[in-house]
Amino acid sequence: MSHALIVIDLQNDFCPGGALAVAEGGQIVPGVNARMAEAEAVILTQDWHPADHSSFASQHAGRAPMQMIDMPYGPQVLWPDHCVQGSQGAAFHPGLETDRADLIIRKGFRRQIDSYSAFYENDQTTPTGLEGYLRTRGLTELEFVGLATDFCVAWSAMDAAKLGFKVRVLTSLCRGIDLDGSMARALDDMRAAGVELV
Ligand code: VGL
Ligand code: ZN
């Protein structure tokens, strides 16, 4: 019981009825709540975009959601507007026991850059500060759950493994978007990065 549970983006917009809904996204909530009791620390991430965020297709003339675009930091999927700061869509799923969180870390708040990972923004250099928090608390073992498996969960888990944490992803408590085979690719990439898939 020395691990941290990191719950990725369990927010209304990623659940059925939301702006970027992941199939069955809400179904993992009871299981995620149950895992909180087993963890030394509980950390929630919250996707938190300004209304004019550059990852939104609406900000690029003639572009549609799910198309790719080249950003200064690399290729980027254009998303429907989602998780706008302060909106109901950005709020956590109402069933999630957020009172049990030690830390809530927000990401994606800089207009020019997206942030899938809880550790680094999509330039893979700008830190969120989570690594320092975990290290100063002596938390070296991380368990990931949440949404979406093939984007924010996978990028977070792979960064954690690269940083030297012992990492597992509970796949039954994750759900994915699966855009052009991204689900299979993410599972392969996580395994290759040394992430344990449970
Ligand atoms: C996510 C796409 C855009 C995620 C966040 O939480 O996986 N995906 N923003
Ligand atoms: Zn986002």
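Since the structure is predicted, the reported quantities are computational estimates derived from the model, not experimental observations.

K.L.:
Give a detailed account of the coordination of the zinc ion (ligand 2), specifying residues and quantitative values.
P.N.:
Within the protein, the zinc ion (ligand 2) binds to Asp47 (OD), His49 (NE2) and His82 (NE2); these donor distances fall in the range 2.0 to 2.2 Å. Of note is the zinc ion (ligand 2), whose four donor atoms meet at the metal with angles of 88 to 169 degrees in an arrangement that counts as irregular. Sequence spacing of the donor residues for the zinc ion (ligand 2), all on one chain, is D-x1-H-x32-H. A relative accessible area of 3% means that aspartate 47 is categorised as buried.

K.L.:
Go over the nonpolar core with me, naming the residues and quoting the values.
P.N.:
Residues Leu10, Val32, Phe119, Leu134, Leu142 and Phe144 are the most contacted members of the largest nonpolar core, which totals 59 residues. Going through the elements one at a time, β1 (4-8), α1 (29-36), β2 (41-47), α2 (130-136), β6 (141-147), α3 (149-162), β7 (166-175) and α4 (182-192) are the ones with two or more residues in this core. The element that contributes the greatest number of residues to this core is α3, accounting for eight residues. Ala57, Met71, Tyr73 and Ile113 belong to the second largest nonpolar core, which has six residues in total.

K.L.:
Report on the packing of aromatic side chains, specifying residues and quantitative values.
P.N.:
Summed over the entire model, instances satisfying the criterion amount to five aromatic pairs. Ring centres of tryptophan 79 and phenylalanine 151 lie 5.0 Å apart, and the angle between their planes is 90 degrees; this geometry places the pair in the edge-to-face category. Of this pair, tryptophan 79 sits in the loop between β4 (74-77) and β5 (103-107) while phenylalanine 151 sits in helix α3; the two residues are 72 residues apart in sequence, bridging distant segments of the chain. Phenylalanine 151 matches tryptophan 79 in its accessibility class, with the two residues each being buried.

K.L.:
I'd like a rundown of the site of ligand 1, residues and numbers included.
P.N.:
All residues adjacent to ligand 1 are Asp9, Phe14, Leu20, Asp47, Trp79, His82, Leu147, Ala148, Phe151 and Cys152. The separation between an oxygen atom of ligand 1 and a polar main-chain atom of leucine 147 is 3.3 Å. Within the backbone of alanine 148, an N or O atom sits 3.1 Å from an oxygen atom of ligand 1. In the complex, 100% of the free accessible area of ligand 1, which totals 250 Å², lies under the protein chains. Of the residues assigned to the shell around ligand 1, the class counts are seven nonpolar, one polar and two charged.

K.L.:
Hey, could you go over the pattern of salt bridges for me, with residue numbers and the actual values?
P.N.:
Under the counting rule described, the total for this entry stands at 13 salt bridges. When the shortest N-O distance is used, the salt bridge between glutamate 143 and arginine 168 registers 2.8 Å. With glutamate 143 in strand β6 and arginine 168 in strand β7, the pair connects residues that are 25 residues apart, well separated along the chain. Of the residues examined, arginine 168 reaches a relative accessible area of 16% and is grouped as buried. Of the charged contacts, one joins lysine 162 and aspartate 159 as a salt bridge, the two residues approaching to 3.8 Å between their closest N and O atoms. Placement of both lysine 162 and aspartate 159 in helix α3 is noted, with a separation of three residues, approximately one turn of the helix. If you follow the salt bridges from partner to partner, you end up with Arg35, Glu141, Glu143 and Arg168 in one network.

K.L.:
Pulling in residues and values, what's your account of α4?
P.N.:
Turning to α4, its buried residues are Ser182, Ala186 and Met190. All buried residues of α4 lie within an arc of 70 degrees about the axis, which places them on one face of the element. The inward-facing, buried residues of α4 abut α3, β7 and β8 (196-197). Positive phi appears at glycine 194, one or two residues downstream of α4, with a value of about 90 degrees.

K.L.:
Talk me through unusual backbone geometry; I want residue IDs and the actual numbers.
P.N.:
The peptide bond linking leucine 147 to alanine 148 adopts the cis configuration, its omega dihedral lying at -15 degrees. Take alanine 148: it is sitting in the loop between β6 and α3. A positive phi angle, close to 45 degrees, is found at aspartate 9, a residue other than glycine. Structurally, aspartate 9 is set in the loop between β1 and α1.

Analysis parameters
- Residues numbered from 1 in each chain as written.
- Chains lettered and ligands numbered in written order.
- Predicted model: local features only at pLDDT ≥ 70, side-chain atom pairs only at ≥ 80, totals over all residues.
- Heavy atoms only, no water.
- Donors = N, O, S within 2.8 Å, 3.2 Å for Na, K, Ca; no water.
- Tetrahedral: all angles 85-135°; square planar, octahedral: opposite > 155°, others 65-115°.
- Buried < 20%, exposed > 50% of the residue type's maximum accessible area, 1.4 Å probe, protein only.
- Core = buried A, V, L, I, M, F, W, Y, C linked by side-chain atoms within 4.5 Å.
- Helix = DSSP H or I, 4+ residues; strand = E, 2+ residues; numbered from the N terminus.
- Phe/Tyr/Trp six-rings, centres within 6.5 Å; stacked < 30°, edge-to-face > 60°.
- Near = heavy atom within 4 Å.
- Polar contact = N/O pair within 3.5 Å; in protein donor to acceptor, adjacent residues only side chain to side chain.
- Areas by Shrake-Rupley, 256 points an atom, 1.4 Å probe, with all protein chains shown as cover.
- Nonpolar A, V, L, I, M, F, W, Y, C, P; charged D, E, K, R; others polar.
- Salt bridge = Lys/Arg side-chain N within 4 Å of Asp/Glu carboxyl O.
- Arc of directions from axis to C-beta.
- Contact = heavy atoms within 4.5 Å.

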